[in-house]
Amino acid sequence: MDESGILLEIKDGIAIVTLNRPKALNALNLALIEEFAAVIKQLSRNKDVRALVLTGAGKAFVAGADVKELASMRASQAFSFSRQGQQAFDRLERLDFPVIAAINGFALGGGCELALACDIRIASVTAKFGMPEVSLGLMPGFGGTQRLCRAVGYANAMYLMTTAETLNAQEALHMGLVQKLTEPDVLLEEALVIASKIASRGRYAVKAVKELALKNFDADYVNSAELESEVFAGLFGKPEAEEGMNAFLEKRNPQW
Ligand code: CO8
């Protein structure tokens, strides 16, 4: 039985959302994205929540979009999956309280994109980060081409997205991809300390700060995100993407 899903816990005005598909390193398939979007929608209506902590079950935060599912998609399906993921992540980003990513392990591809849709990122010293899509003949498709540039600057973003190199936690901290590192066993505790601090501040002041800080990115993001989905979908059906994804699933290096 597949026991994957999204776990939600709310205590003292702080929500904890856990992506729980540990056997597949919390890889994002359509079902998980849909459930995630529904949980975030539910939270957006909860007037008691003042901050959210987002984390993953097991050894990964999220190891990316589900390559098994992606490998069988046509371009039109890839486009709508990309849009669906973008909308879920946008909804997370638009919550009127801050979201803290507690990155417990791999945050790769779509997983790194999910972390980038959070307001603040803290990570375990054992976490790993990267945008490995080009090694599969793909590209980021959940808003990452836009959000990564804004988080770490154009050149750092290009370095990560074109080399597909994985960063360790120290390197991610140095690049500004994460704001703080902790030992693995106190990661959640530390995230909750930050969330409690935020929850103790003025509710409307925090909401206003977030609204204004996000304004910075609005105009360009909407157009660029749609273009990202189109270009992402355009890679589907190309021999390169087919070979890249099949090579991953067959645990070998791509031949191209
Ligand atoms: N998709 C599907 N299954 C995955 C994924 C994934 N992204 N990552 C891990 N898994 C599965 C493995 O296949 C494995 O399953 P099984 O036991 O059935 O073989 C299980 O999780 C455990 O993984 P590993 O045995 O590989 O664990 P390791 O500790 O040896 O390696 C790694 C961990 C390094 C994280 C490795 O699993 C890996 O490289 N994963 C893939 C990372 C990746 O390439 N991510 C990017 C995916 S593409 C993407 O995210 C595009 C985003 C834009 C989408 C736009 C929408 C259309």
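Above: the structure in question.
What counts, and where the lines are drawn
- Residues numbered from 1 in each chain as written.
- Predicted model: local features only at pLDDT ≥ 70, side-chain atom pairs only at ≥ 80, totals over all residues.
- Heavy atoms only, no water.
- Near = heavy atom within 4 Å.
- Polar contact = N/O pair within 3.5 Å; in protein donor to acceptor, adjacent residues only side chain to side chain.
- Areas by Shrake-Rupley, 256 points an atom, 1.4 Å probe, with all protein chains shown as cover.
- 1 Å grid on protein atoms, 1.4 Å probe; cavity = no way out; pocket = protein on both sides within 12 Å on 5 of 7 lines; lining within 4 Å.
- Sits in = over half its atoms within 2 Å of the grid points.
- Helix = DSSP H or I, 4+ residues; strand = E, 2+ residues; numbered from the N terminus.
- Nonpolar A, V, L, I, M, F, W, Y, C, P; charged D, E, K, R; others polar.
- Points joined across faces, edges and corners; volume = space filled by probe spheres on them.

Trainee: Explain the site of the ligand to me, and be specific about the residues and the numbers.
Mentor: Near the ligand there are 28 residues, and of these Lys59, Ala65, Val67, Gly110 and Phe232 occur at the shortest range. Val67 has a polar backbone atom sitting 2.9 Å from a nitrogen atom of the ligand. Between Lys251 and the ligand, the recorded distance is 3.1 Å, taken from a side-chain N or O atom to an oxygen atom. A total of 1100 Å² of accessible area belongs to the ligand in isolation, and the protein chains cover 74% of it. Judged by the proximity of its atoms to the pocket grid, the ligand belongs to the largest pocket. Those elements giving two or more residues to the shell around the ligand turn out to be α2 (67-70), α3 (75-93), β6 (106-108) and α4 (110-116). In the shell around the ligand, the residues fall into 16 nonpolar, five polar and seven charged.

Trainee: Just give me the short version of the layout of surface pockets, but keep the residues and values in it.
Mentor: Of the voids in this model, the largest pocket is the one considered here, and its volume is about 1100 Å³. Forming the walls of the largest pocket are 45 residues, and the residues nearest its centre are Ala27, Ala63, Ala65, Val67 and Phe248. Sorting elements by how many residues they give to the lining of the largest pocket places helix α11 (residues 239-249) first, with four residues. When grouped by side-chain class, the residues that make up the lining of the largest pocket number 24 nonpolar, eleven polar and ten charged. In this model, the second largest pocket occupies a volume close to 380 Å³. Along the walls of the second largest pocket sit 19 residues, with Cys118, Asp119, Ile120, Ala213 and Leu214 positioned nearest its centre. Every element with two or more residues in the lining of the second largest pocket is listed here: β7 (120-124), α5 (144-152) and α9 (203-215). Here the lining of the second largest pocket is composed, by residue class, of twelve nonpolar, one polar and six charged.

Spatial relationships are all this shows, so hold off on functional conclusions.
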